Structure formats: C-alpha cells, structure tokens
Amino acid sequence: MNVLEIIYEGIDDLNQDLEPGEQLEKNEEATIFGPDSKLDSMGLVNLITIIEEKLEKKTGRFISIADERAMSMEASPFKTIGTLKNYITDLINE
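Remember, predicted model here, so these are calculated numbers, not experimental data. (Residues numbered from 1 in each chain as written. Predicted model: local features only at pLDDT ≥ 70, side-chain atom pairs only at ≥ 80, totals over all residues. Heavy atoms only, no water.)

### Describing the overall build of the protein
Within the protein, the secondary structure is distributed over 4 helices and 0 strands. Reading the helices (α) and strands (β) of the protein from amino to carboxyl end gives α-α-α-α. In terms of C-alpha radius of gyration, the protein reaches 12 Å, essentially the compact-globule figure of 12 Å for 94 residues. Taking the principal axes of its C-alpha atoms as reference, the protein extends roughly 35 × 30 × 20 Å. Across the 94 residues in the protein, those meeting the buried criterion constitute 39%. A separation threshold of at least 6 residues defines the contact pool for the protein, and within that pool the share at least 24 residues apart is 55%. By element, 47% of the accessible surface of the protein is carried by carbon and sulfur atoms, the whole surface being about 5700 Å². (Helix = DSSP H or I, 4+ residues; strand = E, 2+ residues; numbered from the N terminus. Rg over C-alpha atoms; globule rule 2.2 N^0.38 Å. Buried < 20%, exposed > 50% of the residue type's maximum accessible area, 1.4 Å probe, protein only. Contact = heavy atoms within 4.5 Å. Areas by Shrake-Rupley, 256 points an atom, 1.4 Å probe, with all protein chains shown as cover.)

Written as structure tokens, this is what we have:
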C-alpha cells in the first residue's frame, strides 16, 4: 500500500472545496499545519478524516491518525506531508 498516494488522494478531495490560492500542494515538503500552512485547524481535521476513511477502505481496519499519541509527540506528525506519511506508515506497521 502506498501511503503517500492515499494522502495525495485525500488532498485532491480536500482541494475540490478550496479556492485555487488556498489549495494544498502535493509534495512531501508541503506544510499541512503550522504558520506556513494554507489549512486552518478545521481544514486539518477534514484532511485527517478523509485520509482515515481512505485508509479504512484500503486496509479494512480503522486507523486513528489524530490520537493521543500524535498530539503528545514533541515533533508534530502533522507538520508536513512527509511527516504525516511517516507517522501513518508507523501506525500501519504496528
């Protein structure tokens, strides 16, 4: 399973509802949350929900991305697309 592909599909879905200047880029360095992000907190929640749904369809099991562990990490897994990809990969491999 290609986690990055699933994230990009989620971004495509989210971008359909955003104005052209507000859309997320699809590259691993793109900031998804923080001062340089185009998403506000609600946009991040929407993206996470979309990705969780796509993961459940692909894996057959629900994988919670925004759990207590993610929120307590010193380096946020939601900073960039790359950090999110690594975090989701770790969750799947557990």
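### So, helix H1 (residues 3-15)
A rise of 1.5 Å per residue sets the reference length of H1, with its 13 residues, at 18 Å; its end C-alpha atoms lie 18 Å apart and thus fit the reference within 8%. If you check which residues of H1 are buried, you get Val3, Leu4, Ile6, Ile7, Tyr8, Gly10, Ile11, Leu14 and Asn15. Close packing links the buried residues of H1 with helix H2 (41-59) and helix H4 (81-93). Sitting at the head of H1, asparagine 2 places a side-chain oxygen 3.0 Å from the backbone nitrogen of leucine 4. (Expected span 1.5 Å × (residues − 1). Polar contact = N/O pair within 3.5 Å; in protein donor to acceptor, adjacent residues only side chain to side chain.)

### Focus: the nonpolar core
One finds Ile7, Leu47, Ile51, Ile65, Ile81, Leu84 and Ile88 to be the most contacted residues of the largest nonpolar core, which totals 27 residues. Looking at this core, the elements that each hand over two or more residues are H1, H2 and H4. Examining the composition of this core, we find that 7 residues originate from one element, H1, more than from any other. In contact with isoleucine 65, not counting residues within four places along its chain, are Ile48, Ile51, Glu52, Leu55, Ala70, Phe78, Leu84, Tyr87, Ile88 and Leu91. (Core = buried A, V, L, I, M, F, W, Y, C linked by side-chain atoms within 4.5 Å.)

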